[in-house]
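Given next are the chains, with one letter for each unit.
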Amino acid sequence: MNNNIGIVIVSHSAEVARSVADMLGIMCDQSINIAHCGGNKDGGLGSDVDQITAAISSAWSDSGVAIFVDLGSTEINSKIAIKRLSKDKMKKVAIFDTPLVEGALTTISIASGGESLNEIQKVLKGMSLSLL
Amino acid sequence: MKPFFVSEDKLRFMVKHTAETVISFEVELNELDSAIGDGDHGTNMSRGCKTLLGAIDQIEYDSLRDVLIFIGKTLISSIGGASGALYGTLFLTMGENIDENPTTETFIDAFDQGINETMILGSSHVNQKTILDVIVPVLDAIKKQPDSFLDIAQVASIASNRTIAMKAEKGRASYLGDRSIGHLDPGAHSSDIIIRSICEVLCDYE
C-alpha cells in the first residue's frame, strides 16, 4: 500500500470514462487506484449514483479520492454519492471542477509523489472551469 | 384546503397518476430540453416515473414519510440526469423531515427543508430558470393556505411560464446566455406537471 490518492473518472458516456481511465492507467505507474463509470442505468448517456458510489469505493485510498466529471448530472450525482459515504470518508473525497481529461492527467503526474488531496487541489486551482 | 391526511390507497393513486402524467409529457419535455439543454429531460423523467410505477405496488408503507423517502430514493437511482438528483433530494429530504402524522404546518416545514437541500445540491436559488422557480412559489402558496388545491396548481403553471422570460444561470442552458431567454424551462415545466397532478388528486378531498 502507498499513500497516493485514488482517482474516479465520471463521464456522461461510459466509453469516454473508460478511455480516459485507460489513458491514465498507461501514463501512470500503477501506484494510483483509478476507477471509472459513465452513462445511465439503461446504458445511454447520463450518470448513475450507484455506479459512482461503486467507483469511489473501488478507487478508495485513505489519503482521499479525487473525482473528475464532465459537468451537469455527473457533478450533481457525484455530490449525492459523496453524501452517501460515512462522515469520515466524506471529508476525504473532492470533486474537481477542472476539464475532465486535463485535470485528471495533471493529477496523476503529481499524485504519484504522494501529494495530499489538498495540495493537489491547490495546484489545480488555476484550471478551474469557474474561471471561464 | 384540508390538511394532508391522505389514505394509503389515495396516496398510491396520487403517485401513479403523477408518474403516468409525467410519462405522457415525455416528448414535450424532450422538445423543450432540446431547445436549451441536451434534449433528454423527458426521457430521464419518464425512466424515473416508470421505475416508480413498477415498484409502487410492491412496497409497503404506513405513512407519507415512507412514501416520500421511497420516491426520493427511486428517482435518485433511476432518472440518470441532474433532475434525478434534484427531484430525488427534494422528496427524500421532505420524507426524512416529516413526522408520522403531518399537519399543514409540519408539511410546510418539511417542504421547506427539502427545497433548501435541493438549493444546496444545485448551488442555486430562484430566478435562475430552474425547478426552484416553480416549487418555491408553490411552497409560498401553501403557506398562505388557499381555499383550494386548484389555486396551488394555478400558481405552479403561472410560475412555470415565468421562466420563459428568464435567463438560464444553471445547467447546460446557462452556456447559451441571453439565447436561453424566450424558452420555457423544461425542469420548471416538469415541476408544474407534477404539482398539477398532485393537486388534481387532492382537490377531490375538498
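Here is a short report on the structure shown in this document.

Conventions and cut-offs
Residues numbered from 1 in each chain as written. Chains lettered and ligands numbered in written order. Predicted model: local features only at pLDDT ≥ 70, side-chain atom pairs only at ≥ 80, totals over all residues. Heavy atoms only, no water. Helix = DSSP H or I, 4+ residues; strand = E, 2+ residues; numbered from the N terminus. Rg over C-alpha atoms; globule rule 2.2 N^0.38 Å. Buried < 20%, exposed > 50% of the residue type's maximum accessible area, 1.4 Å probe, protein only. Contact = heavy atoms within 4.5 Å. Lys, Arg positive; Asp, Glu negative; His and termini not counted. Charge placed at Lys NZ, Arg CZ, Asp CG, Glu CD. Pairing = 2+ DSSP bridges. Polar contact = N/O pair within 3.5 Å; in protein donor to acceptor, adjacent residues only side chain to side chain. Salt bridge = Lys/Arg side-chain N within 4 Å of Asp/Glu carboxyl O. 1 Å grid on protein atoms, 1.4 Å probe; cavity = no way out; pocket = protein on both sides within 12 Å on 5 of 7 lines; lining within 4 Å. Points joined across faces, edges and corners; volume = space filled by probe spheres on them. Nonpolar A, V, L, I, M, F, W, Y, C, P; charged D, E, K, R; others polar.

### Here we look at the overall build of chain B
Line of reasoning, step 1. Counting its secondary structure elements, chain B contains nine helices and zero strands.
Line of reasoning, step 2. For chain B, the sequential pattern of α-helices and β-strands runs α-α-α-α-α-α-α-α-α.
Line of reasoning, step 3. Rg of the C-alpha trace for chain B: 16 Å, near the compact-globule value of 17 Å for 206 residues, within the 12% margin.
Line of reasoning, step 4. Dimensions of chain B, computed from C-alpha atoms along their principal axes, come out at roughly 45 × 35 × 30 Å.
Line of reasoning, step 5. Among the 206 residues that make up chain B, the fraction classed as buried is 56%.
Line of reasoning, step 6. The long-range fraction of contacts in chain B, counting pairs at least 24 apart against all pairs at least 6 apart in sequence, stands at 68%.
Line of reasoning, step 7. Treating the 17 positive side-chain charges of chain B as one cloud and the 31 negative ones as another, the clouds have centres 5 Å apart.

### Let's talk about the pairing of strand β3 (residues 65–69) of chain A
All names here are of chain A.
Line of reasoning, step 1. By the criterion of burial, β3 is predominantly enclosed, with five of the five residues buried.
Line of reasoning, step 2. Because side chains alternate across β3, one face comprises the buried residues Val65, Ile67 and Val69, and the other comprises Ala66 and Phe68, equally buried.
Line of reasoning, step 3. Here strand β1 (residues 6–11) pairs with β3 via five bridges, running parallel. Note that in β3 the partner of Val10 across the bridge is Val69.
Line of reasoning, step 4. In this structure, β3 lies alongside strand β4 (residues 93–96), joined through four bridges in parallel fashion. Residue Val65 lies in a different strand from β4, and its bridge partner there is Val93.

### Brief notes about the environment of Lys167(B)
Residue and element names in this part refer to chain B.
Line of reasoning, step 1. Tracing the backbone shows Lys167 in the loop between α8 (149–162) and α9 (186–202).
Line of reasoning, step 2. For the pair Lys167 and Ile71, spaced 96 residues apart in the sequence, the C-alpha separation amounts to 30 Å.
Line of reasoning, step 3. Once residues within four sequence positions are removed from consideration, Lys167 is found in contact with Asn127, Gln128, Lys129, Gly177, Asp178, Ser180 and Ile181.

### Regarding the side chain of Asn4(A)
All names here are of chain A.
Line of reasoning, step 1. Here Asn4 is to be found in the segment before β1.
Line of reasoning, step 2. In this structure the side chain of Asn4 is engaged in a polar contact, spanning 2.9 Å, whose partner is the side chain of Ser31.
Line of reasoning, step 3. Ignoring any residue separated from it by four or fewer positions in sequence, one finds Asn4 in contact with Ser31, Ile32, Ser61, Ser63, Ala111, Ser112, Gly113 and Gly114.

### Observations regarding the pattern of salt bridges
Residue and element names in this part refer to chain A.
Line of reasoning, step 1. Going through the model one piece at a time under the given rule, you end up with 13 salt bridges over all chains.
Line of reasoning, step 2. Note that Lys41 and Asp48 form a salt bridge whose closest N and O atoms lie 2.8 Å from each other.
Line of reasoning, step 3. When salt bridges that share partners are traced, they join Lys41, Asp48, Asp50 and Arg84 into one network.

### Thoughts on unusual backbone geometry
Generally, phi is negative for residues other than glycine and the peptide bonds are trans, each holding for most cases.
Line of reasoning, step 1. Within the chain, Leu71(A) stands out as a residue other than glycine whose phi angle is a positive 70 degrees.
Line of reasoning, step 2. One can find Leu71(A) in the loop between β3 and α3 (73–83).
Line of reasoning, step 3. You will see that Asn127(B), though not glycine, has its phi angle at about 70 degrees, which is positive.
Line of reasoning, step 4. In this fold, Asn127(B) is placed in the loop between α6 (104–122) and α7 (132–143).

### As for empty space enclosed by the protein
All names here are of chain B.
Line of reasoning, step 1. Inspection of the entire model under this criterion finds one cavity of 30 Å³ or more.
Line of reasoning, step 2. By volume, the largest cavity is sized at about 560 Å³.
Line of reasoning, step 3. Around the largest cavity sit 33 residues that line it, and Met14, Leu68, Phe91, Ile194 and Ile198 are the ones nearest its centre.
Line of reasoning, step 4. Mapped onto the lining of the largest cavity, the elements with two or more residues apiece are α1 (8–24), α3 (41–56), α4 (64–78), α5 (82–97), α6, α7, α8 and α9.
Line of reasoning, step 5. Its residues assigned to classes, the lining of the largest cavity comprises 31 nonpolar, two polar and no charged.

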